[in-house]
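Observations on chain architecture
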Amino acid sequence: DVKVTQSSRYLVKRTGEKVFLECVQDMDHENMFWYRQDPGLGLRLIYFSYDVKMKEKGDIPEGYSVSREKKERFSLILESASTNQTSMYLCASNGDTGYGYTFGSGTRLTIV
Amino acid sequence: QKEVEQNSGPLSVPEGAIASLNCTYSDRGSQSFFWYRQYSGKSPELIMFIYSNGDKEDGRFTAQLNKASQYVSLLIRDSQPSDSATYLCAVNGDKIIFGKGTRLHILP
């Protein structure tokens, strides 16, 4: 069964901390994405990557960065966590831009 | 601004009836159309995709696409309580854009 695995299901961090969210896919997909999902706002694209070492800003990149050193791994970094970054974070991948996504199980991140 | 619009609901449907979920999109260049189901506290799961005008059936689910009207729908026949979830419409032009979802509640 193909999978997108996010390292943590729940995470609590303090304001100002540097936070790493990890995502690994086993489908040899080229494309990987990071979204956050908030009530009433839907899914919002933070960053995406179409290839190793490549990254593109999505709709809300401020306060975030990403790293893709290997094809299967796409990391989201909160440089200095703030309370407004409390959210559900979802990683997704697909093998072609015309195909649907496979989502990871999500990380519910709380910044206190 | 490219948009995907869905009625937020909740849409309440009796068990055994047909649930009809609708979605409109603004980008005429869109090529691929998807329906995701998301249970509360879980991540979205792809349940249907459609690329051509017309209907596509998979079990109890039927996706309908009308590119001229920029309209996508999902029909769920013989609705079950386990179908209660939020359904997200997604449209792919140069990137995938998600609607905010319709909450569906199947009444036992």
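First things first, this report covers the structure right here in the doc. Quick caveat: nothing in here was measured; it's all calculated off a predicted structure.

**Overview of the overall build of chain B**
Helix and strand counts for chain B come out as 0 helices and 11 strands. What you see in chain B, going N to C, is helices and strands ordered as β-β-β-β-β-β-β-β-β-β-β. Compactness check: chain B gives a C-alpha radius of gyration of 13 Å against a globular reference of 13 Å for 108 residues, within 12% of the reference. For chain B, the spread of C-alpha atoms along the principal axes amounts to about 40 × 30 × 20 Å. Going through the 108 residues of chain B one by one, you find that 45% of them count as buried. Of the contacts made within chain B by residues no fewer than 6 positions apart, 54% connect residues no fewer than 24 positions apart. Here chain B has roughly 5300 Å² of accessible surface; of this, 48% comes from carbon and sulfur atoms.

**With respect to the sheet that holds strand β3 (residues 19–25) of chain B**
Residue and element names in this part refer to chain B. Reading across from one edge, β1-β3-β8-β7-β6 is the order of the 5 strands in this open sheet, with antiparallel pairing throughout. Strands with a single pairing partner mark the edges of an open sheet, and in this sheet they are β1 (4–5) and β6 (54–58). Looking at chain direction, β6 and strand β7 (residues 61–66) are connected through 5 bridges and run antiparallel. From the neighbouring strand, Glu-57 faces β7, where its bridge partner is Thr-62.

**Quick look at unusual backbone geometry**
Cis peptide bonds are those with omega within 30 degrees of zero, and the linkage from Gly-9 of chain B to Pro-10 of chain B qualifies with 10 degrees. Its identity is not glycine, yet Asp-28 of chain A carries a phi of approximately 60 degrees, on the positive side. Relative to the assigned elements, Asp-28 of chain A resides in the loop between β4 (23–25) and β5 (31–38). Overall, Asp-28 of chain A belongs to the exposed group, its relative accessible area being 56%. Residues other than glycine seldom take positive phi values, yet Gln-70 of chain B does so here, at roughly 55 degrees. Here Gln-70 of chain B shows up in the loop between β7 and β8 (71–76). You can call Gln-70 of chain B buried: its relative accessible area is 12%.

**Remarks on the interface of chain B and chain A**
On the side of chain A, 20 residues touch chain B, which itself brings 17 residues to the contact. Summed over both partners, the interface of chain B with chain A comes to about 1300 Å²; 50% of that surface belongs to carbon and sulfur atoms. Between the two partners, chain B and chain A, sit 0 salt bridges. Counting the contacts that link chain B with chain A gives 5 residue pairs in polar contact (both at pLDDT 80 or more). Of all the secondary-structure elements, those providing two or more residues to the side of chain B that touches chain A are β4 (32–38), β9 (85–92) and β10 (96–98) of chain B. With 4 residues, β4 of chain B is the single largest residue contributor to the side of chain B that touches chain A. Taken together, the residues of the side of chain B that touches chain A break down into 8 nonpolar, 5 polar and 4 charged.

**Remarks on the state of the cysteines**
If you walk through the whole model with that rule in mind, you get 2 disulfides over all chains. Residue Cys-23 of chain A pairs covalently with Cys-91 of chain A via a disulfide, S to S 1.9 Å. Residues Cys-23 of chain A and Cys-91 of chain A are joined by a disulfide whose S-S torsion is about -75 degrees; by sign, that bridge is left-handed. Here the residue Cys-23 of chain A occupies a position in strand β4, and Cys-91 of chain A occupies one in strand β10 (residues 87–94), the gap between them amounting to 68 residues. We classify Cys-23 of chain A as buried; its relative accessible area is 0%. Across a sulfur-sulfur distance of 2.1 Å, Cys-23 of chain B and Cys-89 of chain B are joined as a disulfide pair.

**Some thoughts on the nonpolar core**
In this structure, Trp-35, Leu-74, Ile-76 and Tyr-87 of chain B are the most contacted members of the largest nonpolar core, which totals 24 residues. Contributions of two or more residues to this core are made by β3, β4, β5 (45–50), β7, β8, β9 and β11 (102–107) of chain B. Apart from the residues within four sequence positions on either side, Leu-74 of chain B is in contact with Ala-19, Ser-20, Leu-21, Trp-35, Ile-47, Met-48, Phe-61, Thr-62, Ala-63 and Tyr-87 of chain B. In this structure, Val-19, Met-32, Tyr-64 and Ile-111 of chain A belong to the second largest nonpolar core, which totals 21 residues.

What counts and how
- Sequence positions are assigned chain by chain, starting from 1 and proceeding in written order.
- Labels follow written order: the first chain is A, the first ligand is 1, and so on.
- Given that the model is predicted, a residue must reach a pLDDT of at least 70 before its local features are reported, and side-chain atom pairs must reach 80 or more before they are shown or counted; all residues, however, enter totals for whole chains, interfaces and linings.
- Hydrogens and water are ignored here; the side-chain numbers use all heavy atoms of the structure.
- By definition, any uninterrupted DSSP run of H or I lasting at least four residues is a helix, any uninterrupted run of E lasting at least two residues is a strand, and each is numbered from the N terminus.
- Atoms counted for the radius of gyration: C-alpha only. Globule rule: 2.2 Å times the number of residues to the power 0.38.
- Buried, partly exposed and exposed residues are distinguished by accessible area as a fraction of the type maximum, computed with a 1.4 Å probe on protein chains only: under 20%, between the cut-offs, and over 50%, respectively.
- Contact definition: two residues touch when any of their heavy atoms are within 4.5 Å.
- The protein chains shown are the only cover counted for residues, whose accessible areas, like all others here, come from Shrake-Rupley with a 1.4 Å probe.
- Two strands qualify as a pair provided DSSP detects at least 2 bridges between them.
- As used here, buried area is the combined drop in accessible area, with a 1.4 Å probe, of two parts when they are placed together.
- Put simply, a salt bridge is a Lys or Arg side-chain nitrogen that is within 4 Å of an Asp or Glu carboxyl oxygen.
- Within 3.5 Å is the distance limit for a polar contact, defined as a pair of N or O atoms, with the added protein rule that one can donate a hydrogen and the other accept it, and that residues adjacent in sequence qualify only through two side-chain atoms.
- Three residue categories are used. Nonpolar comprises Ala, Val, Leu, Ile, Met, Phe, Trp, Tyr, Cys and Pro, charged comprises Asp, Glu, Lys and Arg, and polar comprises the others, including Gly.
- We call a pair of cysteine sulfur atoms a disulfide whenever their separation is within 2.5 Å.
- In these notes, a set of buried Ala, Val, Leu, Ile, Met, Phe, Trp, Tyr and Cys residues joined through side-chain atoms within 4.5 Å is what counts as a nonpolar core.

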